[in-house]
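Survey of secondary and tertiary structure
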Amino acid sequence: MLEKDDMVDLIRACAAVIEAHADELTELDSAIGDGDHGYNMKRGFEALRADADVISDKPLPDALTAAGMKLVMTVGGASGPLFGTFLMSFGKELNSGMDTAGIASAFAKATDAVAARGKSHAGQKTMLDVLYPVSKALTDGISGRAIGDVAEAAAEATIPIVATRGRASFLGERSAGHMDPGSRSSALLVRSVTDWLERRA
Ligand code: ADP
Ligand code: MG
């Protein structure tokens, strides 16, 4: 179980990673979008960090739902509602069970919720191109550091894709050759969580 102090620490760890990579995310979004992704994510995770104490008073499923609502309100852009949807759905689904299978199932449903909200699917050069491979790895029983590796490889694999959803799709063929910013931030967050779990073990 995650105790309150653990949740506060995890939120801080994620916020620190987003902050450290904000310029990189902005550069990626400048290449194929409008250059606000680093700023959007930094603003959202700063708000989450400021609320970490209140959010972490709740049981994990409710804390995830509260964190998702916070991101919807503060990140903005296309990615805010999508990351928010992910966390809100993940929290709701975790109520059915928090063992390994329950976590994998909740992650899969949360990923589907992002796809429904974004009217998007895998292969379009969006965050789903990281979320789906991570979901599959969890369902296959992979855990720990290897999950972070799957996420990073999946983000790299968005480089050659021609975007057909999101702002990058406006560029057509010219969107190829750049990593999707939302995939990079998703991979950074997955890595933050797996690193944190490893430190805690
Ligand atoms: P905006 O595109 O509004 O400027 P951000 O720059 O914060 O918002 O986020 C862009 C990221 O959001 C993209 O890199 C992509 O991963 C993700 N994204 C955008 N639209 C969608 C969508 N319809 N479905 C899934 N992910 C999306
Ligand atoms: Mg943008």
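Details of the structure are given in the entry above.
Only a predicted model underlies this, so the values are computations on that prediction, with no experimental measurement involved. (Residues numbered from 1 in each chain as written. Chains lettered and ligands numbered in written order. Predicted model: local features only at pLDDT ≥ 70, side-chain atom pairs only at ≥ 80, totals over all residues. Heavy atoms only, no water.)

1. A short note on the overall build of the protein
Across its full length, the protein holds ten helices and zero strands. Listing the helices and strands of the protein from first to last along the sequence gives α-α-α-α-α-α-α-α-α-α. At 16 Å, the protein has a C-alpha radius of gyration in line with the 17 Å of a compact globule built from 201 residues. For the C-alpha atoms alone, the extent of the protein along its principal axes is close to 45 × 35 × 30 Å. Residues classed as buried in the protein amount to 50% of the 201 residues present. The contacts of the protein with a sequence gap of at least 6 include a subset with a gap of at least 24, amounting to 65%. When the accessible surface of the protein is summed, it comes to about 9400 Å², and 56% of that surface belongs to carbon and sulfur atoms. One finds the centroid of the 21 positive side-chain charges in the protein at a distance of 4 Å from the centroid of its 28 negative side-chain charges. (Helix = DSSP H or I, 4+ residues; strand = E, 2+ residues; numbered from the N terminus. Rg over C-alpha atoms; globule rule 2.2 N^0.38 Å. Buried < 20%, exposed > 50% of the residue type's maximum accessible area, 1.4 Å probe, protein only. Contact = heavy atoms within 4.5 Å. Areas by Shrake-Rupley, 256 points an atom, 1.4 Å probe, with all protein chains shown as cover. Lys, Arg positive; Asp, Glu negative; His and termini not counted. Charge placed at Lys NZ, Arg CZ, Asp CG, Glu CD.)

2. Some details on the nonpolar core
One finds Phe 45, Phe 86, Phe 90 and Val 134 to be the most contacted residues of the largest nonpolar core, which totals 52 residues. Ranked by residue count, the leading element in this core is helix α1 (residues 4-20), at eight residues. With residues up to four places along the chain from it excluded, the contact list for Phe 90 reads Leu 64, Ile 103, Ala 106, Phe 107 and Ala 110. (Core = buried A, V, L, I, M, F, W, Y, C linked by side-chain atoms within 4.5 Å.)

3. Details of the packing of aromatic side chains
This structure, assessed with the given rule, holds three aromatic pairs. Taken together, a centroid distance of 5.9 Å and an interplanar angle of 80° make the contact between Phe 90 and Phe 107 edge-to-face. Taken together, the positions of Phe 90 in helix α6 (residues 79-94) and Phe 107 in helix α7 (residues 100-118) put the pair 17 residues apart, joining distant regions of the chain. With relative accessibility at 12%, the residue Phe 90 sits in the buried group. (Phe/Tyr/Trp six-rings, centres within 6.5 Å; stacked < 30°, edge-to-face > 60°.)

4. Here we look at the side chain of Ser 175
Relative to the helices and strands, Ser 175 is located in the loop between α9 (145-156) and α10 (181-200). Looking at Ser 175, the relative accessible area reads 0%, which means it is buried. A polar atom in the side chain of Ser 175 sits 2.7 Å from the backbone oxygen of Gly 172. With residues near it in sequence (within four places) discarded, Ser 175 still touches Ile 32, Lys 125, Ile 159, Ile 161, Val 162, Ala 163 and Ala 168. (Polar contact = N/O pair within 3.5 Å; in protein donor to acceptor, adjacent residues only side chain to side chain.)

5. Considerations on the pattern of salt bridges
Using the criterion set out here, one finds 15 salt bridges in the structure. Close ionic contact of Lys 92 with Glu 93 constitutes a salt bridge, the shortest N to O distance being 3.9 Å. On the accessibility criterion, Lys 92 (56% relative accessible area) is exposed. With a shortest N-O distance of 3.5 Å, Asp 195 and Arg 145 are connected by a salt bridge. Here Asp 195, found in helix α10, pairs with Arg 145, found in helix α9; they are 50 residues apart in sequence, far enough to count as distant. For Asp 195, a relative accessible area of 25% puts it in the partly exposed group. (Salt bridge = Lys/Arg side-chain N within 4 Å of Asp/Glu carboxyl O.)

6. Some points on the coordination of the magnesium ion (ligand 2)
Protein ligation of the magnesium ion (ligand 2) involves Asp 29 (OD), Asp 34 (OD) and Asp 36 (OD), the donor distances falling in the range 2.0 to 2.2 Å. Mapping the donors of the magnesium ion (ligand 2) onto the primary sequence gives the spacing D-x4-D-x1-D. (Donors = N, O, S within 2.8 Å, 3.2 Å for Na, K, Ca; no water.)

7. Some thoughts on the site of ligand 1
For ligand 1, the set of nearby residues contains 20 residues, the closest of which are Ala 78, Ser 79, Gly 118, Ser 120 and Asp 180. Take Met 127: an N or O atom from its main chain is 3.0 Å from an oxygen atom of ligand 1. Asp 180 places a polar side-chain atom, nitrogen or oxygen, 2.5 Å from an oxygen atom of ligand 1. When isolated, ligand 1 has an accessible area of 570 Å², and the protein chains bury 92% of it. Spatially, ligand 1 is embedded in the second largest pocket. For the shell around ligand 1, the elements supplying multiple residues, two or more each, are α3 (37-50), α6 and α10. (Near = heavy atom within 4 Å. 1 Å grid on protein atoms, 1.4 Å probe; cavity = no way out; pocket = protein on both sides within 12 Å on 5 of 7 lines; lining within 4 Å. Sits in = over half its atoms within 2 Å of the grid points.)

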